[in-house]
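The residues making up each chain are set out below.
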Amino acid sequence: MKRETICIQSGWKPTKGEPRVLPIYQSTTFKYDTSEQMGRLFDLEDSGYFYTRLQNPTNDAVAQKICELEGGVAAMLTSSGQAANYYAVFNICEAGDHLVMSSTVYGGTFNLLTCTMKKMGISCTVVDPDASEEELNAAFRPNTKCVVAETIANPALVVLDIEKFARVAHAHEVPLIIDNTFATPINCRPFEFGADIVTHSTTKYMDGHAMCVGGAIVDSGNFDWSKYPDKFPGLCTPDESYHGIVYTEKFGKGAYITKATSQLMRDLGSIQSPMNAFLLNVGLETLHLRMPCHCANAQKVAEFLEAHEKVAWVNYPGLKSNKYYELAQKYMPKGSCGVISFGLKGGREAASNMMDKLQLAAIVTHVADARTCVLHPASHTHRQMNDEQLVEAGVAPDLIRLSVGIENVEDIIADLAQAIEKA
Ligand code: PLP
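Just so it is clear, the model here is predicted, and its values are computed rather than measured. (Residues numbered from 1 in each chain as written. Predicted model: local features only at pLDDT ≥ 70, side-chain atom pairs only at ≥ 80, totals over all residues. Heavy atoms only, no water.)

Q: Teacher, can you tell me more about the pairing of strand β1 (residues 74-78) here?
A: Successive side chains on a regular strand alternate, one facing one side of the sheet and the next facing the other. Most of β1 is tucked away: five of the five residues are buried. Alternating residues of β1 divide into Ala-74, Met-76 and Thr-78 and Ala-75 and Leu-77, and every residue in both groups is buried. As judged from the five bridges shared by β1 and strand β7 (residues 215-219), these two strands associate in the antiparallel manner. Bridge pairing links Leu-77 to Ala-216 in β7. (Buried < 20%, exposed > 50% of the residue type's maximum accessible area, 1.4 Å probe, protein only. Helix = DSSP H or I, 4+ residues; strand = E, 2+ residues; numbered from the N terminus. Pairing = 2+ DSSP bridges.)

Rendered as structure tokens:
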């Protein structure tokens, strides 16, 4: 099926007499008739539900839809995008291991992988996404277990050369994990370019209405863990915490997601609530309609800003002048995303003044939903830093992050125009 049809039809497939709309299985637990039936579930001999911390039918239907959208073999929902990235890495890394990460990933991911996971004994080498293959090769060590990057970085809007990263990761016999939050599978399917695992903050475009924090992990099924048993013992040798199961032997291409569910979800418990999964599914049903509108609106807004005399610079991969225009055309020919960053000639002060004058665009700590919104990192998320520290962190003091919504684009531009005039 085409992506538009998957958005609408996949996941929940009711049969005779069942509800047309995905039901919310608002239940912590599931009933069985015999002790034997329940026992087989715990041995992973039968598939079925027993406790919502591990799996829930509402969640699984939505995960299946995201799986098909990405063209993967298995998927799971998590309580947040942070949990998705954490599980995606922790499923194959343990104390003593190392990973390679693009420097421009979302700040939360950067912190998770360089600080918090360091405390768990997992080290990280940060690489420039524009580095040559030779430079990237130098970042790998014998204990490297994966490479992490974003299709379109938040908020730097760096477009990743996914094929380059996949080649380098595979040359070192490790998987490439791509956070595809900003592009969504409507605009880019990283598996088609060699990525092995995809993660999402479903909080963003997938939900699309700023209703629920959530995440997802999808496995392409293409990385052959069993070829490298010494590198990935968690997948290829007996799991003593699960009756000695060897995930690759028992579940084949489903090994990675089964392990993340039956081990990490069991022990760490960052499950998405069925209610949130239901709302996420409603969002997904219009993802294919919203993404082209976000991109078309953002393109017009970026062109307006680029032509404005008071605007110092604009960063949007859809602009021909943009450093990443060619890469965006290659990986996302239908459009990249709705997020733009720009600076005003009046600098930091003008940015702040301009935002106070906005009437339609709202100041919120969020991106990628139906409503246009803005954030000035130097005044908000990064306000403890001075200008020098901001530049080091890759956030220009005058950077305004604008998430273009799906309102009428003339209204969005008119709002920006009057605010910039008064700044
Ligand atoms: N990945 C990206 C690209 C993000 O932009 C975000 C949040 O902004 C996250 C992950 C974290 O997601 P969440 O806020 O759902 O935990």
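Q: Which parts of the structure should I look at to understand the layout of surface pockets?
A: Gaps between atoms show up when a probe of the same size as a water molecule is rolled over them. The volume enclosed by the largest pocket comes to roughly 950 Å³. In terms of lining residues, the largest pocket is bounded by 40 residues, among which Tyr-106, Gly-107, Gly-108, Asn-154 and Pro-155 are the most central. Mapped by element, the contributors of at least two residues to the lining of the largest pocket are α4 (81-90) and α5 (107-116). Of the residues forming the lining of the largest pocket, the biggest block, seven residues, is contributed by α5. For the lining of the largest pocket, the residue count by class is 15 nonpolar, 20 polar and five charged. Split by domain, the residues of the lining of the largest pocket number at least three in each of domain 1 (3-282) and domain 2 (289-422). As a volume, the second largest pocket reaches approximately 640 Å³. When contributions to the lining of the second largest pocket are tallied by element, the ones reaching two or more residues are α3 (57-70), β1 and α11 (255-268). (1 Å grid on protein atoms, 1.4 Å probe; cavity = no way out; pocket = protein on both sides within 12 Å on 5 of 7 lines; lining within 4 Å. Points joined across faces, edges and corners; volume = space filled by probe spheres on them. Nonpolar A, V, L, I, M, F, W, Y, C, P; charged D, E, K, R; others polar. Domains from an automatic or database assignment.)

Q: Looking at this structure, I do not really get the site of the ligand. What am I missing?
A: In the vicinity of the ligand lie 15 residues, with Asn-154, Asp-179, Ser-201, Thr-203 and Lys-204 positioned nearest. Interatomic distance of 2.8 Å between a side-chain N/O atom of Asn-154 and an oxygen atom of the ligand. Side-chain polar atom of Ser-201 to an oxygen atom of the ligand: 2.8 Å apart, as the coordinates give it. With respect to the pocket detection grid, the ligand is positioned in the largest pocket. For the shell around the ligand, the leading source of residues is α4, giving three residues. When the residues that make up the shell around the ligand are grouped by side-chain class, the tally is three nonpolar, nine polar and three charged. (Near = heavy atom within 4 Å. Polar contact = N/O pair within 3.5 Å; in protein donor to acceptor, adjacent residues only side chain to side chain. Sits in = over half its atoms within 2 Å of the grid points.)

Q: Sorry, what's going on with the nonpolar core here?
A: Burial of nonpolar side chains together is a common tendency in soluble globular proteins. Residues Ile-66, Ile-162 and Leu-176 are the most contacted members of the largest nonpolar core, which totals 59 residues. If one sorts the elements of this core by residue count, α3 sits on top with six residues. The residues that make up this core include at least three from each of domain 1 (3-282) and domain 2 (289-422). Residues contacting Ile-162, with those up to four places away along its chain left out, are Thr-151, Leu-176, Ile-178, Cys-188, Pro-190, Phe-193, Ala-195 and Tyr-331. Ranked by size, the runner-up nonpolar core spans 37 residues in total, among them Leu-44, Val-89, Leu-112 and Ala-260. (Core = buried A, V, L, I, M, F, W, Y, C linked by side-chain atoms within 4.5 Å. Contact = heavy atoms within 4.5 Å.)

Q: In this structure, what is going on with empty space enclosed by the protein? I would like to understand it.
A: Inspection of the entire model under this criterion finds one cavity of 30 Å³ or more. The computed volume of the largest cavity comes to approximately 30 Å³. When its residues are assigned to classes, the lining of the largest cavity shows six nonpolar, no polar and no charged.

Q: Would you mind showing me how to read the sheet that holds strand β11 (residues 373-375) here?
A: Pairing between the strands of a sheet comes from backbone hydrogen bonds, and it takes one of two forms, parallel or antiparallel. As summarised here, the arrangement of the five strands in space is β8-β9-β12-β11-β10, forming an open sheet in which the pairing is mixed. Only two strands of the sheet have a single neighbouring strand rather than two, namely β8 (311-315) and β10 (362-363). Sheet topology note: the β10/β11 ladder contains two bridges and is parallel. Across the sheet, the residue bridging to Ala-362 is Cys-373, located in β11. With respect to the sheet, helix α13 (residues 287-307) is in contact with β8, β9 (339-344) and β12 (400-403), its orientation differing from that of β9 by roughly 10°. (Axes fitted to C-alpha atoms, helices over the stretch in contact; angles between N-to-C directions.)

It is worth stressing that arrangement in space is one thing and function is another; only the former is reported here.
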